[in-house]
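The chain contents come next:
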Amino acid sequence: MKTQKVILNSDEIPRQWYNIQADIKMNPPLGPDGNPVTPDALAPVFPMNLIEQEVSDQRWIDIPEAVLDVLSMWRPTPLVRATRLEEVLDTPAKIYFKNESVSPPGSHKPNTAVAQAYYNKEFGIKKITTETGAGQWGSALSFACSQFGLECKVYMVRISFDQKPYRKSMMEAWGGKCIPSPSMATKTGAEILKNDPDTPGSLGIAISEAIEAAVTDPSGETRYSLGSVLNHVLLHQTIIGLEAKKQMEKIGEYPEIVIGCAGGGSNFAGLAFPFASDKMNGRDVEILPVEPSACPTLTRAPFVYDHGDTAKFTPLMPMHSLGHAFVPAPIHAGGLRYHGMAPLVSQLAVEGIIDPRSVSQLKSYEAGVTLARTEGIIPAPETTNALACVIEEALKAKAEGKEKVILFNWSGHGLVDLGAYEKYFAGELKDYSLSEEDQAKSESVFKDFPKPEILSSK
Ligand SMILES: *Cc1c(COP(=O)(O)O)cnc(C)c1O
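Read on for an overview of the structure. (Residues numbered from 1 in each chain as written. Predicted model: local features only at pLDDT ≥ 70, side-chain atom pairs only at ≥ 80, totals over all residues. Heavy atoms only, no water.)

**Quick word on the environment of Gly265**
Part 1: One can find Gly265 in the loop between β10 (257-261) and α13 (266-280).
Part 2: By relative accessible area, Gly265 is classed as buried at 1%.
Part 3: Along the sequence, Gly265 and Leu234 sit 31 residues apart, while their C-alpha atoms lie 7.6 Å from each other.
Part 4: Not counting residues up to four positions away in its chain, the partners in contact with Gly265 are Ser228, Leu234, Met341 and Val345. (Helix = DSSP H or I, 4+ residues; strand = E, 2+ residues; numbered from the N terminus. Buried < 20%, exposed > 50% of the residue type's maximum accessible area, 1.4 Å probe, protein only. Contact = heavy atoms within 4.5 Å.)

See the structure below:
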């Protein structure tokens, strides 16, 4: 029997997260006055213990025991060799994936949800508000809040709320409350609905609503939580790559190509940052974030200062952005419809440490079905974007006759996204690509903002 899975024992779980901020130079986030934001300015939005992580330049940060206790419900996750996919592609490449679909909510997102719920609880917070795209983050945070006895209120992008009703049921099963966004419950939402009652919504709008709901709670016991993009979120996800490295070491392997789909950048960063660290220290490894061509943040949008949300509540962040008011085409990979990209991931792209790719919706579903029929797990629509790139790289290795080692992140399963598969099989899904005119229009919003410096960390 071939090696199919590499399993770590419970006591081999990493005890520290890797903070890439220690190893790269970053432009600071800017406040409304054009100056770098101070930790205090973020205090109404996030608890101070998470703000400290957001700005920390300490390379290794201890994972609290209470967080490890909850994570150990499903971690360490398996590293799996995709032998059946290799056979079907007839490729000499060795393909491995980290299976993050085994968590209770079915994705990588609880890695940070659990940590964030813990730090909020420690800080005395009673209730957390958030937004969700496809519903993965809302369900992950509802699950995490249930473990720590916190209330959870989730603003869900309307198009996904309509397409994925069972995500709401999952949130409710874990005690969370789910509201379609834009909603009449906030000033931001009511204003947007007045101008555009049929809007499909966007992550940018939902973030604005969730922040507004947190900072206007008169009790002062509510904070906001974000499931991607921010430094501390990416930090919490590095447990994926740290485990993967140990697992590959156990079988004497090291990846030549590391692949993850990228929406806000967290699952990609989680797998990739520990390898990016090696690359900065001279190791040869290609690192590929993959995004949908309908929302081509890294591959087409410029590196600028822009807001993280539509209503401009957030500081200006140095990132690749299509414009804070960008409403992407209604593709089913709801988690990949964000207008920006994590500043840390953007910085690595600017420095050429990672090499971004984009794929079309139909190509990604085709890859998703191939993986379902080989490795068995039905992938989340987001994950299928990574899979299309994996297949492309495996076929390239075949054409070149090279035994490349490919590692990718299986960020989640698609069992709550079967409506999208149904449409794909009925031939109702189509490709969208962003026209240059629409892109220019949407990017006009940041033309008067300050420009980030092109920094080099080497
Ligand atoms: C949310 C989500 C993504 C995209 O978010 P990132 O922050 O870019 O990881 C990708 N895959 C799955 C399964 C998700 O739930």
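**Quick look at helix α2 (residues 48-55)**
Part 1: Those residues of α2 that sit buried are Asn49, Leu50, Ile51, Gln53 and Glu54.
Part 2: Where the residues of α2 are buried, they touch β2 (16-18), α1 (39-42), β3 (60-62), α5 (110-122) and α11 (231-237).

**Digging into the sheet that holds strand β1 (residues 5-6)**
Note on sheets: strands pair through backbone hydrogen bonds, and any given pair is parallel or antiparallel.
Part 1: Within the open sheet, the seven strands sit side by side as β1-β4-β5-β15-β10-β11-β14. Their pairing is mixed. Two strands lie at the open edges of the sheet, namely β1 and β14 (357-359), each paired on one side alone.
Part 2: By the bridge criterion, three bridges tie strand β4 (residues 79-81) to strand β5 (residues 94-99) in an arrangement that is antiparallel. Residue pairing across strands places Arg81 opposite Tyr96, the latter belonging to β5.
Part 3: Running over the sheet, helix α12 (residues 239-250) touches β1, β4, β5 and β15 (405-410) and is turned about 140° from β5. (Pairing = 2+ DSSP bridges. Axes fitted to C-alpha atoms, helices over the stretch in contact; angles between N-to-C directions.)

**A closer look at the site of the ligand**
Part 1: Lining the immediate environment of the ligand, one finds 18 residues, of which Lys109, Ser228, Gly263, Ser266 and Ser411 sit closest.
Part 2: Ser266 places a polar side-chain atom, nitrogen or oxygen, 2.7 Å from an oxygen atom of the ligand.
Part 3: Here the ligand loses 98% of its free accessible area of 380 Å² to cover by the protein chains. (Near = heavy atom within 4 Å. Polar contact = N/O pair within 3.5 Å; in protein donor to acceptor, adjacent residues only side chain to side chain. Areas by Shrake-Rupley, 256 points an atom, 1.4 Å probe, with all protein chains shown as cover.)

**Description of unusual backbone geometry**
Part 1: Look at the link from Arg75 to Pro76: it is a cis peptide, with omega at -10°.
Part 2: Secondary-structure assignment places Pro76 in the loop between α3 (65-71) and β4.
Part 3: Note that the residue after Ser181, namely Pro182, is joined by a cis bond; omega there is 5°.
Part 4: In this fold, Pro182 is placed in the loop between β8 (177-181) and α9 (187-195).
Part 5: Its identity as a non-glycine residue notwithstanding, Asp90 has a phi of 50°, on the positive side.
Part 6: Relative to the elements of secondary structure, Asp90 occurs in the loop between α4 (83-89) and β5.
Part 7: Asp90 gets classed as exposed once you look at its relative accessible area, which sits at 53%.
Part 8: A positive phi angle, near 70°, is found at Val229, a position not held by glycine.
Part 9: Assignment of secondary structure puts Val229 in the loop between β9 (222-224) and α11.
Part 10: The exposure class of Val229 is buried, given its relative accessible area of 4%.

**Thoughts on the pattern of salt bridges**
Part 1: This model, assessed by the stated rule, comprises 18 salt bridges.
Part 2: Among the salt bridges present, the one from Arg81 reaches Glu86, with a minimum N-O distance of 2.8 Å.
Part 3: Residue Arg81 is classed as buried on the basis of its relative accessible area, which comes to 18%.
Part 4: Ionic pairing is found between Glu243 and Lys98, a salt bridge with its closest N-O pair at 2.7 Å. (Salt bridge = Lys/Arg side-chain N within 4 Å of Asp/Glu carboxyl O.)

**Some remarks on the side chain of Asn409**
Part 1: Structurally, the position occupied by Asn409 is in strand β15.
Part 2: Take Asn409: its relative accessible area is 0%, and that puts it in the buried class.
Part 3: At 3.1 Å, the side chain of Asn409 forms a polar contact with the backbone oxygen of Asn267.
Part 4: Ignoring sequence-local partners within four residues, the contact set of Asn409 consists of Lys98, Glu100, Ile240, Ile259, Asn267, Leu271 and Thr383.

**Quick word on the packing of α13 against helix α15 (residues 343-350)**
Part 1: Direction vectors running N to C along α13 and α15 enclose 45°, while the axes themselves pass 11 Å from each other. Regarding the angle of α13 to α15, the classification is oblique. For the pair α13 and α15, the crossing hand works out as left-handed. Residues Phe268, Ala269, Phe273 and Ala276 of α13 pack against Leu344, Val345 and Leu348 of α15.
Part 2: The residue inventory of the contact of α13 with α15, partitioned by class, reads seven nonpolar, no polar and no charged. (Parallel < 35°, antiparallel > 145°, perpendicular 65-115°, else oblique. Left-handed = near helix turned anticlockwise from the far one by under 90°. Nonpolar A, V, L, I, M, F, W, Y, C, P; charged D, E, K, R; others polar.)

**Quick word on the sheet that holds β9**
Part 1: The four strands are arranged β8-β7-β6-β9 in an open sheet whose pairing can be described as parallel. Pairing within the sheet leaves two strands with one partner each, and these edge strands are β8 and β9. Strand-to-strand twist across the sheet, computed as the mean angle between neighbouring axes with direction ignored, equals 25°.
Part 2: With six bridges joining them, strand β6 (residues 127-132) and strand β7 (residues 151-157) adopt parallel strand pairing. Each residue of the ladder has a partner; that of Lys127, found in β7, is Glu151.
Part 3: In this fold helix α10 (residues 203-215) packs onto β6, β7, β8 and β9, with an angle of close to 170° to the strand it touches most, β6.

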